[in-house]
Amino acid sequence: MTVTLADVQAAHRHIAGAVARPPCLPSRTLSEITGADVRLKFENFQYTASFKERGALNRLLQASPEERARGVIAMSAGNHAQGVAYHASRLGIPSVIVMPAFTPIVKVENTRKLGARVELFGESVEEAGSHARAIAADENLLFVHPFDDPAVIAGQGTIALEMLEDHPDLDVLVVPIGGGGLISGMATAAKAIRPGIEIVGVEAALYPTVWRLRRGLPIEAGGPTIAEGIAVKHPGALTLPIIEELVDDVVLVDEAALETAVLMLLEIEKTVVEGAGAAGLAALLANGDRFRGRKVGLTLCGGNIDSRLLSAVILRGLVRTERMVRFRVSLPDRPGSLTKVTGLIAKCGGNVVDVAHQRAFARISVMQTDVDVTIETRNAAHAAQIRNTLAAEGYAVRGLDEAPSAGGL
C-alpha cells in the first residue's frame, strides 16, 4: 500500500493544533429514525468548513523551502481550494487555485478571501486540473493534488483515527467517495486499527464511478448534482487500489435522498452540510436494513453549500414532506367565494402563503375560476385534512401534480 497507518499517525502529529478536532457525537434522533446507532463526525466545524484542510496542510508541511518560496497551485471544486489557500496563507506560501466554472459562489469568494489567486476554468474538476497543471509548468509551481497524493491521503485518514479513539466500538464507517482521498485514507487507518470494521463508500448516482468499475462497467458520469464535492469522473491512480483492497462495498444515492439528508441534518442536528457532506446519511436512510442495529460512523465532510441552493433544498423538502402544498380549487367567480375558501383553510389551521387565479387558462365554465392556493401545513396528514374539508364543502380540489378529473372541456 502507498499509505500506511504509520503515515496517518505521523500526519495526525504534524497537523495537530493547526487543524481542529471536531466532535464525533451520537445522534439520538437519527438513531431512532434509522434503527442504527449513529455517530456523527462534524468536519463541517473546521475553519474552512471541510475535512480537506487535513490533507492540504499535511502536504504543504512536506514541501521544501524552495517549493514554498515558488508557491503552490491546486485544482478543486471548492473545499480543497479553501484548505490549500488557508494553510498556504498561514504558512506564507503563495497559492493559485483553479476551480471549475460551475463552482458555487460561496466557495469561490471564500477561497479568494483566504488569499489565493483564483481562476475559473472548465466544466469539470478534470478540465480544471489540466489547466492547473499547465499553469504549474509555466510558473514553476508545486501542484497539490486534491486526492491522488500520499500525504493528502494520510492527512484525510486522521479522521478515522479520531473517530475510533472516541468510539472504538464502531461497526461500520460510511464515507463519501469523490476522487477517493477521504475514503482511502480513512480505510487505511480504520482497517489497520480494527480489521473487522466495515467500510462502505457512497457515490452520487450521477457519478457512480467506483460502483461501475467494481462491476466491470464502463464509466458513465455527468449531470448536475447537489453533491458537486464528489462529482469526480475518475478516482486517483493511488486511491483506487486502496479502495479496491479495503472498501467493503459502494452504494449509490440519488438527488432526492441527498436533499432529504441535507434538510434532515439542518432540522434535527441544527447543522449545515453540503450535498457531499450529507451523502453518508443519505446512504443510511436509503439502505436501512443493512445498517439497522449496528454502530455507524458518518463523516459530515463539508458544510460549504451556497445559501441560495440551501434555500431551494429547504423549500423542496417542505414540498416533499407535504408541509407546503398547492391545491387547485374550482369555485364560483363571484365576490366572497375566495374568502370562504381561505376561511375554511384557516379553520383547519393551514396558512395561505400564495393565491393565484387561473381565469384565462381554466378549463371549466366561464362562470367559475380555478384558484391555485399554496398552503403551509404541519405534515401530510394535516394537508389531507385541509383537502378533505374543502371537498366536503363541495369544492373540486386537486393537487397540482395530479391529472385533472375527467369531463373537462
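Residues numbered from 1 in each chain as written. Predicted model: local features only at pLDDT ≥ 70, side-chain atom pairs only at ≥ 80, totals over all residues. Heavy atoms only, no water.

Along its length, the protein chain carries 17 helices and 14 strands. Projected onto the principal axes, the alpha-carbon positions of the protein chain cover approximately 80 × 50 × 40 Å. Within the protein chain, buried positions represent 53% of all 409 residues. Sequence separation of 24 or more characterises 71% of the internal contacts of the protein chain that already satisfy a separation of 6 or more. For the protein chain, the distance from the average site of its 41 positive side-chain charges to the average site of its 46 negative ones is 5 Å. (Helix = DSSP H or I, 4+ residues; strand = E, 2+ residues; numbered from the N terminus. Buried < 20%, exposed > 50% of the residue type's maximum accessible area, 1.4 Å probe, protein only. Contact = heavy atoms within 4.5 Å. Lys, Arg positive; Asp, Glu negative; His and termini not counted. Charge placed at Lys NZ, Arg CZ, Asp CG, Glu CD.)

Between helix 16 (residues 337-347) and helix 17 (residues 380-392), the least distance of the axes is 9 Å, while the angle of their chain directions is 140°. Between helix 16 and helix 17, the crossing angle belongs to the class labelled oblique. The way helix 16 lies across helix 17 gives a crossing that is right-handed. On the side of helix 16, the interface is formed by V341, L344 and I345, while helix 17 contributes I386, T389 and L390. (Axes fitted to C-alpha atoms, helices over the stretch in contact; angles between N-to-C directions. Parallel < 35°, antiparallel > 145°, perpendicular 65-115°, else oblique. Left-handed = near helix turned anticlockwise from the far one by under 90°.)

We now examine the sheet that holds strand 4 (residues 95-99). With respect to topology, four strands assemble into an open sheet ordered 5-4-3-6, the strand pairing being parallel. Every other strand in the sheet has two partners, leaving strand 5 (117-120) and strand 6 (142-143) as the edge strands with one partner each. Across four bridges, strand 3 (residues 72-75) lies against strand 4 in parallel orientation. In the sheet register, M75 faces strand 4, and the bridge partner there is V98. (Pairing = 2+ DSSP bridges.)

An order of 1-2-10-7-8-9 is seen for the six strands of this open sheet, with the pairing classed as mixed. Two strands close off the open sheet at either side, each with one partner strand: strand 1 (24-26) and strand 9 (249-253). Looking at each pair of strands side by side, their axes are set apart by 25° on average, direction ignored. The sheet contact formed by strand 8 (residues 198-204) and strand 9 spans five bridges and is parallel. Of the residues in strand 9, the one forming a bridge with V202 is V251. Sheet strands touched by helix 8 (residues 150-166): strand 1, strand 2 (37-41), strand 7 (172-176) and strand 10 (295-299). Its angle to strand 10, the strand with the most contacts, is close to 145°.

Here the focus is the side chain of R39. When you line up the elements, R39 lands in strand 2. Side-chain polar atoms of R39 contact the side chain of D37, separated by 2.9 Å. Ignoring any residue separated from it by four or fewer positions in sequence, one finds R39 in contact with C24, L25, P26, H167, D169, L170, K295, V296, G297 and L298. (Polar contact = N/O pair within 3.5 Å; in protein donor to acceptor, adjacent residues only side chain to side chain.)

All told, the structure shown has 25 salt bridges when counted by the stated rule. Across the pair E162 and K41 runs a salt bridge, and its minimum N-O distance is 2.7 Å. Taken together, the residues E162 in helix 8 and K41 in strand 2 connect sequence positions 121 residues apart. Under the relative-accessibility criterion, E162 is labelled buried at 3%. In this structure K41 comes out as buried when scored by relative accessible area, which is 0%. Between R59 and D149 there is a salt bridge, with the nearest N and O atoms lying 3.1 Å from each other. One end of the pair, R59, is in helix 3 (residues 52-61); the other, D149, is in the loop between strand 6 and helix 8, with 90 residues separating them in the sequence. Overall, R59 belongs to the buried group, its relative accessible area being 13%. (Salt bridge = Lys/Arg side-chain N within 4 Å of Asp/Glu carboxyl O.)

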